[in-house]
Amino acid sequence: MIVLKSRREIEKMRVAGRLVADVLAAVADAAVAGVTTEELDERAEERIRNGGGIPAFKHYQPDFIRCGPFPATLCTSVNSEVVHGIPDGRPLEEGDLLSVDTGAQVDGYFGDAAITVVIGDGNIEARLLADATRRALEAGIRVCRPGNHLSDISHAVQELAESEGYSVVRRFVGHGIGTSMHEDPPIPNYGEPGKGPVLKPGMVLAVEPMVNAGTWEVEASPDYWRVCTRDGDLSAHFEHTIAITESGPDVLTAAEGLSGSL
Ligand code: MG
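A.B. asks: Help me understand the environment of Ala-139, please; the structure alone is not making it clear to me.
C.D. replies: Looking at where Ala-139 falls in the secondary structure, it is placed in helix α3 (residues 124-142). The exposure class of Ala-139 is buried, given its relative accessible area of 10%. Along the chain, Ala-139 and Val-118 lie 21 residues apart, while their C-alpha atoms are 22 Å from each other. Dropping the residues within four chain positions of it, Ala-139 is found in contact with Ala-156 and Leu-160.

A.B. asks: What should I look at first to understand helix α2 (residues 37-50) in this one?
C.D. replies: Helical geometry note: an α-helix holds 3.6 residues per turn, so side chains three or four residues apart project in the same direction. Its 14 residues place the ends of α2 20 Å apart at the C-alpha level, agreeing with the 20 Å of an ideal helix rising 1.5 Å per residue. Downstream of α2 by one or two residues, Gly-52 has phi in the positive range, about 85°.

A.B. asks: Just to check I follow, could you spell out the coordination of the magnesium ion for this structure?
C.D. replies: Six octahedral donors at a metal ideally form angles of 90 or 180 degrees, and four tetrahedral donors ideally form angles of 109.5 degrees. Ligation of the magnesium ion by protein atoms is provided by Asp-112 (OD), His-175 (NE2), Glu-208 (OE) and Glu-239 (OE), these donors lying 2.2 to 2.4 Å from the ion. Positions of the donor residues of the magnesium ion, expressed as sequence spacing, correspond to D-x62-H-x32-E-x30-E. Remark: Glu-239 occurs in the loop between β13 (235-237) and β14 (240-245) and Glu-208 occurs in the loop between β9 (204-207) and β10 (210-212); sequence separation between them is 31 residues. Residue Glu-208 is classed as buried on the basis of its relative accessible area, which comes to 7%.

A.B. asks: Mind showing me how you'd approach the sheet that holds β14 here?
C.D. replies: In a beta sheet, neighbouring strands are held together by backbone hydrogen bonds and run either parallel or antiparallel to one another. Strand order in the open sheet formed by 5 strands is β8-β7-β9-β14-β15, with antiparallel pairing between adjacent strands. Edge strands, defined here as strands with exactly one partner in the open sheet, are β8 (183-187) and β15 (248-251). Each neighbouring strand pair of the sheet contributes to a mean axis angle of 30°, computed without reference to strand direction. The pairing of strand β7 (residues 174-176) with β8 spans 2 bridges and is antiparallel. Note that in β8 the partner of Gly-174 across the bridge is Ile-187. The strands that α3 touches are β9, β14 and β15; relative to β14, the one it contacts most, it runs at about 15°. Its contacts with the sheet put helix α4 (residues 150-163) on β8 and β9, and the angle it makes with β8 is roughly 40°.

A.B. asks: How do you make sense of the packing of aromatic side chains when you look at a structure like this?
C.D. replies: Each aromatic ring pair is characterised by the separation of its centres together with the angle its planes make. For the coordinates displayed, the defined rule picks out 2 aromatic pairs. Measuring from ring centre to ring centre gives 5.1 Å for Phe-70 and Trp-225, while their planes differ by 80°; the resulting arrangement is edge-to-face. In this pair, Phe-70 is assigned in the loop between β1 (54-55) and β2 (74-78) and Trp-225 in the loop between β11 (218-220) and β12 (227-229), connecting sequence segments 155 residues apart. Here Phe-70 matches Trp-225 in class, with each residue buried. Taking the centre distance of 5.1 Å and the plane angle of 70° together, the rings of Tyr-224 and Trp-225 count as edge-to-face. Accessibility assignment for this pair places Tyr-224 and Trp-225 in one class, buried. Grouped by ring-pair contacts, the aromatic residues Phe-70, Tyr-224 and Trp-225 constitute a single cluster.

So, how was this worked out
Residues numbered from 1 in each chain as written. Predicted model: local features only at pLDDT ≥ 70, side-chain atom pairs only at ≥ 80, totals over all residues. Heavy atoms only, no water. Helix = DSSP H or I, 4+ residues; strand = E, 2+ residues; numbered from the N terminus. Buried < 20%, exposed > 50% of the residue type's maximum accessible area, 1.4 Å probe, protein only. Contact = heavy atoms within 4.5 Å. Expected span 1.5 Å × (residues − 1). Donors = N, O, S within 2.8 Å, 3.2 Å for Na, K, Ca; no water. Pairing = 2+ DSSP bridges. Axes fitted to C-alpha atoms, helices over the stretch in contact; angles between N-to-C directions. Phe/Tyr/Trp six-rings, centres within 6.5 Å; stacked < 30°, edge-to-face > 60°.

Take it as geometry only, folks, not as evidence of what the structure does.
What follows is the structure, encoded as structure tokens:
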């Protein structure tokens, strides 16, 4: 069941969303060669708590029992890691492709977003992949309008990514979000247009393309969390939390001052 949010609830979600945007901007600034993802994680947790939020990913325990709870505030996925990478003590190196996903809960409502950055100035291949993934997300956001179907988002994301010669991950999808981090509906990043529920004002969706340089196939590590590309090639990830309004998409995880826009 898709839970529609009132205007008041959407404004509460914007508070959580802006905190997430602020944390991701700070992480992007701090992500330089020599810094470890554990250090980034510590700063992110502090920033969320100082901003009145609760890290949404830390101790997150999915319904199934084959893994322990996620241990950190950030998912940091480097190079061939697709999603759910666990921060560690390895210093980042020039040219690393770093995807950072985080969520915060403020006053009972969640925000969820992800960005991908390249460490240093080099690695044009990584930069092109990250840029295409960001544009795939933007293509998905543009069709977040009342009257469109859910799979119009999926199709727009897939079309952009594949037109640039990349592939989209099938196994992980976006999701509704609100008073839970994951709500209905699941939002695949691929598919035919014109299918699934009709989008309505009050729906709030976390759209999150995961785009691979090579094959779309992925495999999970034995601890369940860390997911890598099957061919070892690069992967990038962008995400925003978006409210559907009468006048179109309202990006709740946009930085303050960029209200509603990208
Ligand atoms: Mg998400």
